[in-house]
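In case you want the letters, here they are:
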Amino acid sequence: MDLIDVEDLLRLHAVDGAHLDPAPPETGDRLTDDPQVRARYRADAWRPCCICGIDYRTSRVIDFPGYGPRWMDLCRDHSLAVRKPALPTMPATVEGAFADIREVAATFGLTMLPVSHEEWREIGRRARLRRDQ
């Protein structure tokens, strides 16, 4: 899934703010300042993703036009789709992150070869072919 703005994600899936739980207004450091936020994040009961209905992994407060602060519960995939890279120069894809790791390893003369899940599976496939020959 490509990165997308929160507003665009909500608009794309026609999420109605009336169906999102009311949330407390922004108070600064949400994890430490607001007991409602801490309780929401630590709750044992999972809520469905407001986009696809799969059990959520993350919650965030958004200012929904016309409704004010609302909880936006997102599954893993939709949460990652709206996450911005921490720095403007950070890669936004797994492939980009692996390319950066390989470059750093080569710079320091490290003998490591970071591989993605897909690359690992391909290495295993080739090893099985060699074994079976």
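Residues numbered from 1 in each chain as written. Predicted model: local features only at pLDDT ≥ 70, side-chain atom pairs only at ≥ 80, totals over all residues. Heavy atoms only, no water.

Looking at this structure, I do not really get the overall build of the protein chain. What am I missing?
Looking only at helices and strands, one finds 6 helices and 2 strands in the protein chain. The helix and strand sequence of the protein chain, counted from the amino end, reads α-α-α-β-β-α-α-α. Within the protein chain, buried positions represent 26% of all 133 residues. In the protein chain, of all internal contacts separated by at least 6 residues, the share reaching a separation of at least 24 is 48%. When the accessible area of the protein chain is evaluated, it comes to approximately 9,600 Å², of which 57% is carbon and sulfur surface. (Helix = DSSP H or I, 4+ residues; strand = E, 2+ residues; numbered from the N terminus. Buried < 20%, exposed > 50% of the residue type's maximum accessible area, 1.4 Å probe, protein only. Contact = heavy atoms within 4.5 Å. Areas by Shrake-Rupley, 256 points an atom, 1.4 Å probe, with all protein chains shown as cover.)

I would appreciate a short explanation of a nonpolar patch on the surface in the present structure.
Residues Ile101, Val104, Phe108, Leu110 and Met112 make up a contiguous nonpolar surface patch of about 490 Å² in total accessible area. Residue position: Val104 is located in helix H5 (residues 94-107). We classify Val104 as partly exposed; its relative accessible area is 45%. (Patch = residues over 30% accessible without salt bridge, like charges linked within 9 Å, V, L, I, M, F, W, Y side chains within 5 Å. Salt bridge = Lys/Arg side-chain N within 4 Å of Asp/Glu carboxyl O.)

Whenever I open this one, the pattern of salt bridges confuses me. Can you help?
Pairing of side chains with opposite charge becomes possible as their charged atoms draw close. Using the criterion set out here, one finds 6 salt bridges in the structure. When the shortest N-O distance is used, the salt bridge between Arg11 and Asp8 registers 2.5 Å. Residue Arg11 and its partner Asp8 are located together in helix H1 (residues 6-12), separated by 3 residues, close to a single helical turn. Judged by its relative accessible area of 57%, Arg11 falls in the exposed class. Note on Asp8: relative accessible area 31%, which makes it partly exposed. Of the charged contacts in the structure, one is a salt bridge between Glu119 and Arg102, with a shortest N-O distance of 2.7 Å.

Which parts of the structure should I look at to understand the pairing of strand E2 (residues 68-74)?
Looking down a regular strand, the side chains alternate between one sheet face and the other. Within E2, 6 of the 7 residues are buried, which leaves it mostly tucked inside the rest of the structure. Here strand E1 (residues 58-64) runs beside E2; their pairing, made up of 7 bridges, is antiparallel. Bridge assignment links Thr58 to a residue of E2, and that residue is Leu74. As consecutive antiparallel partners, E1 and E2 are separated by 3 residues, and within that stretch Gly66 has a phi angle of approximately 85 degrees, a positive value. (Pairing = 2+ DSSP bridges.)

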